[in-house]
Amino acid sequence: MKIIHCVALATALALLPGAAYSQGKTAPKDAKLYFITPRDGQKVRGGFWVRFGLRNMGVTHAGDDYQNAGHHHLLVDANDPIDPKEPIPQDKSHLHFGAGQTETMLDLPPGTHTLQLVLGDAKHYPFDPPVMSDKITVRVRPLASARSK
């Protein structure tokens, strides 16, 4: 009977989310995350394409736990640093691309905005060291019809 209790306890501990997993999966030191488009300082009008580039790692779906692979997160106007011990938040400033997407159409209000990419592991944690792009700035101009009103 004692053996059954030990097996049940070991199984329960193995299934605990978070606590039983070590976070901060190791990333290759030469991994590079970058924007293909837009360029830093680019002026755009209306919705615009954001294309993600990744070198020396692979892109996969959230939940897929492959070596040297992760999925993209796009930070829009996010000022707080990413905590490497916590999952990347999911809100209007932290967009998740858990289906393995490598581009998106982004529609932001007129003004100056910052964009940054962060690669997350299967559970949305940043890698160690973090695989992040440089932060870039885009300037969204109002649509021509909006200015004439």
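It should be noted that the structure appears before, not after, this text.
Residues numbered from 1 in each chain as written. Predicted model: local features only at pLDDT ≥ 70, side-chain atom pairs only at ≥ 80, totals over all residues. Heavy atoms only, no water.

Draft legend 1. Molecular detail of a positive patch on the surface. On the surface, a cluster of positive charge is contributed by Lys43, Arg45, Arg139 and Arg141. Those elements that place two or more of their residues in the positive patch are strand E2 (43-45) and strand E9 (136-141). On the secondary structure map, Arg139 appears in strand E9. What makes Arg139 partly exposed here is its relative accessible area of 36%. (Patch = residues over 30% accessible without salt bridge, like charges linked within 9 Å, V, L, I, M, F, W, Y side chains within 5 Å. Areas by Shrake-Rupley, 256 points an atom, 1.4 Å probe, with all protein chains shown as cover. Salt bridge = Lys/Arg side-chain N within 4 Å of Asp/Glu carboxyl O. Lys, Arg positive; Asp, Glu negative; His and termini not counted. Charge placed at Lys NZ, Arg CZ, Asp CG, Glu CD. Helix = DSSP H or I, 4+ residues; strand = E, 2+ residues; numbered from the N terminus. Buried < 20%, exposed > 50% of the residue type's maximum accessible area, 1.4 Å probe, protein only.)

Draft legend 2. The sheet that holds strand E7 (residues 103-106), seen in detail. Pairing is antiparallel across the open sheet formed by 3 strands, whose spatial order is E1-E3-E7. Unpaired on one side and paired on the other, strand E1 (32-37) and E7 mark the two borders of the sheet. Each adjacent strand pair in this sheet contributes to an overall mean axis angle of 30°, direction not counted. Bridge count for E1 against strand E3 (residues 48-55) is 5 bridges, and the pairing is antiparallel. Residue pairing in the sheet places Phe35 in a bridge with Phe52 of E3. (Pairing = 2+ DSSP bridges. Axes fitted to C-alpha atoms, helices over the stretch in contact; angles between N-to-C directions.)

Draft legend 3. Spotlight on the nonpolar core. Counting 23 residues, the largest nonpolar core has Phe48, Val50, Met57, Leu74, Leu106, Leu115 and Val131 as the members making the most contacts within it. Among the elements of the structure, E1, E3, strand E5 (69-76), strand E8 (111-120) and E9 are those that each provide at least two residues to this core. The element contributing the most residues to this core is E3, with 4 residues. Setting aside residues up to four positions removed in sequence, Leu115 forms contacts with Phe35, Pro38, Phe48, Val50, Leu74, Leu75, Val76, Leu106, Asp134, Lys135, Ile136 and Val138. Counting 5 residues, the second largest nonpolar core, distinct from the first, contains Leu75, Ala78, Ile82 and Ile88. (Core = buried A, V, L, I, M, F, W, Y, C linked by side-chain atoms within 4.5 Å. Contact = heavy atoms within 4.5 Å.)

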